[in-house]
Every structure is written in C-alpha cells, then in structure tokens.
Amino acid sequence: MEKKVALITGAYKGLGLEIARQLGQQGIIVLLGARSIEKAEVAAAELREEKIEARGVELDVTDSTHISSATEWIESEYGRLDILVNNAGIYLDHLGNTLDVMRSSFEVNVFGPQALSEALLPLLKASPAGRIVNQSSILGSLGTLLSDEMLGSASAPAYTTSKAALNAWTVQLSIRLKTTNVKVNACHPGWVKTDMGGDGAPMEISEGAETAVWLATLPADGPTGGFFHKEEALPW
Ligand SMILES: NC(=O)c1ccc[n+]([C@@H]2O[C@H](COP(=O)([O-])OP(=O)(O)OC[C@H]3O[C@@H](n4cnc5c(N)ncnc54)[C@H](OP(=O)(O)O)[C@@H]3O)[C@@H](O)[C@H]2O)c1
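Residues numbered from 1 in each chain as written. Predicted model: local features only at pLDDT ≥ 70, side-chain atom pairs only at ≥ 80, totals over all residues. Heavy atoms only, no water.

## What about the layout of surface pockets?
How we decide: Within this scheme a cavity is a closed region of a 1 Å grid, computed over the protein atoms alone, that accommodates a 1.4 Å probe without allowing it to escape, whereas a pocket is open but has protein on both sides within 12 Å along at least five of seven lines; lining residues each have an atom within 4 Å of a point. Grid points are joined across faces, edges and corners, and a volume is the space filled by probe spheres set on the points. Helical segments are the DSSP runs of H or I of at least four residues, strand segments are the runs of E of at least two, and each set is numbered from the N terminus.
Counted as a void, the largest pocket has a volume near 1100 Å³. As for the largest pocket, its lining consists of 42 residues, of which Gly 89, Tyr 159, Thr 194, Met 196 and Gly 197 are closest to the centre. Those elements that provide at least two residues to the lining of the largest pocket are helix H1 (14-24), strand S2 (29-34) and helix H6 (157-176). The leading source of residues in the lining of the largest pocket is H1, at 3 residues.

## Notes on the packing of aromatic side chains
Going by this rule: Between rings of Phe, Tyr and Trp, where Trp is taken as its six-membered ring, a pair exists when centres lie within 6.5 Å; planes separated by under 30 degrees are stacked, by over 60 edge-to-face, and by other angles tilted.
Per the stated rule, a full pass over the model turns up 5 aromatic pairs. A centroid spacing of 6.4 Å and a plane angle of 90° characterise the contact between Trp 73 and Tyr 78, whose relative ring orientation is edge-to-face. Seen from their ring centres, Trp 214 and Phe 228 are 5.4 Å apart, and the 85° between their planes marks the pair as edge-to-face. Of this pair, Trp 214 sits in helix H8 (residues 210-216) while Phe 228 sits in strand S7 (residues 227-229), placing them 14 residues apart in sequence.

## Topic: the pattern of salt bridges
The condition that has to hold: The salt bridge definition used is simple: a Lys or Arg side-chain nitrogen within 4 Å of an Asp or Glu carboxyl oxygen. Relative accessibility decides the category of a residue: with a 1.4 Å probe and only protein chains considered, values under 20% of the type maximum give buried, values over 50% give exposed, and everything between is partly exposed.
Considering all chains together, one arrives at 11 salt bridges under this definition. A salt bridge links Arg 21 to Glu 18, with the nearest nitrogen and oxygen atoms 2.7 Å apart. Taken together, the residues Arg 21 and Glu 18, both in helix H1 and 3 residues apart, mark about one turn of the helix. Overall, Arg 21 belongs to the buried group, its relative accessible area being 14%. Residues joined by salt bridges that share partners form a network here, namely Glu 18, Arg 21, Glu 46 and Glu 50.

## What to know about the nonpolar core
This is how it is decided: Each nonpolar core is a collection of buried residues, namely Ala, Val, Leu, Ile, Met, Phe, Trp, Tyr and Cys, held together in the definition by side-chain atoms within 4.5 Å. Should any heavy atoms of two residues lie within 4.5 Å, those residues are considered in contact.
With 29 residues, the main nonpolar core has Ile 8, Ile 19, Leu 23, Val 30, Leu 32, Leu 47 and Val 85 as its most contacted residues. Broken down by secondary-structure element, the contributors of at least two residues to this core are strand S1 (5-8), H1, S2, helix H2 (37-49), strand S4 (83-86) and H8. In terms of residues, this core owes the most to one element, H1, which gives 5 residues. Each residue touching Leu 23, except ones within four places of it in the same chain, is listed here: Ala 6, Ile 8, Ile 28, Val 30, Ile 83, Val 85, Val 213, Ala 216 and Thr 217. In this structure, Leu 7, Ile 29, Leu 121 and Val 182 belong to the second largest nonpolar core, which totals 24 residues.

What follows is the structure, given as structure tokens:
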C-alpha cells in the first residue's frame, strides 16, 4: 500500500514538530512546513535521524507565494495529500489590545489555515481519506470562556477570537466537504510546555501532540466538524 503523506505547518518546534514525529513513527511521510527553508530543513533532518521519512517545506502560512509553491511541489511529488495539520499559530495579546494585534493574529491563526486548506483541497480530495486538523485552543470555546471557572481569567481578545473564528470555519468547511472523503476537525492540544505554553504548563509536548495525531488518522467512521481534546468532544 502507498504510504500516506502529511503536511504539518509550524513544524520547526513545539507541537508541530512533535505531531510530525508521531505521524512519521506511524510510517507516514511527513512534510514539515516552517517560515524559512533553513528551519524546515533543520526540523526534517532531526526526524530523519530518527528514521522518519521527513522533508522540509518553506511555508509561511501568511505568504501566498509560499502556499502556491508548496501546493505545486506536493502535487508534482505525490499527486495527493492525505493529511493537513494547520498547526502554526501565534499568541500576541501581551503586545496590547490593538487592531494591529487583532489583524496579525487573524492572519496567522485564521486566514493562513483557510488559504492553505483551500489551495490543498484538490490534493486532499485526491486522497482516499483526506484529513484536515485545525489546531485550535480551548480559549476559542465561547462556552468555556463564559464558564464560572474561566470568567475573567482569559483576557486575550485577539487569540480567543481568532481561535473561535477558526472553530467556526472548521464547521463551515466540514459542511462543504460532507459528501467527500475529507474530514475536518478542530483540536485542543491541552496546555502544553512549548515556547507558547511556557514552562508552567502541566502537559509535556509528546502528550499535547496526541489529539492532533488521532484526528489526523481518523478511520472512515470517525467524526467530522467537531472540536476535540483527547478523543472527547469540547463545547463550542
Ligand atoms: N502550547 C499550548 O499550550 C497550546 C494550547 C492551545 C493551543 N495551542 C496551539 O498549538 C499550536 C502550536 O503551538 P505551540 O505551543 O507549539 O507554539 P510554538 O512553540 O510557539 O510554535 C509555533 C510554531 O508556529 C510557527 N509559526 C508562527 N507563525 C507562522 C507563520 N506565519 N507561518 C508558519 N509558521 C508560523 C512558529 O514558527 P517560528 O519557529 O518561525 O517562530 C513555530 O514553529 C498553535 O496554533 C497554538 O495556538 C498551543
């Protein structure tokens, strides 16, 4: 059987690199996207040392030239894509509650995944079991932000609204793709020890990658249009 091919964005470090590692350990060919080709190659070389079939791709998700070059390259090399993990994300709210922060956050956390997924949809549809995983956050759950437990503790307007928009778009895309072989789900990795999550986070990166890996490898009877953490559905 042909090996599956997966593209993971923001794969130079943190959750993206680990998702690529865990997919690669399952025998999937992993294409590691990073903002520069140098970073992408460093990350791919690290996984190749671990006997994983890994290749680097220059992919700043806000750059339309990168998106079209990556799409053309994947088409010419593989003719299809089985898994897209829209993992790249930024948290900028510490820079202030400004429109610039809001715009930049939406560029990476919402418009990037949207533009990349649209470009790659024909290749995902060419797969017998296309899977799109949108790396979201529990902070994008409006129900959770309003809960007694969270109220007042998550003041991050740009991050939360961009992840909520990513969630809403996940649902929209899943409706559009309902009659195809492509499933699309949103993922909350947990609060994870990465550069973004910080040292105080309770979860190790290996555990944080597990939800995205599960969603990326869902069987034919798996869910689509959902929001999950550790195989449990989360409130929107
Ligand atoms: N860590 C957590 O606790 C947590 C919780 C919930 C959700 N998440 C989500 O999980 C995802 C990964 O987060 P992480 O914790 O692994 O963060 P991280 O360590 O900061 O890694 C983020 C990665 O995204 C890349 N990136 C940023 N802007 C990009 C762009 N325009 N194009 C392509 N790549 C870009 C970064 O690239 P550079 O290396 O070039 O900077 C970096 O490799 C994010 O979507 C985040 O919102 C994380």
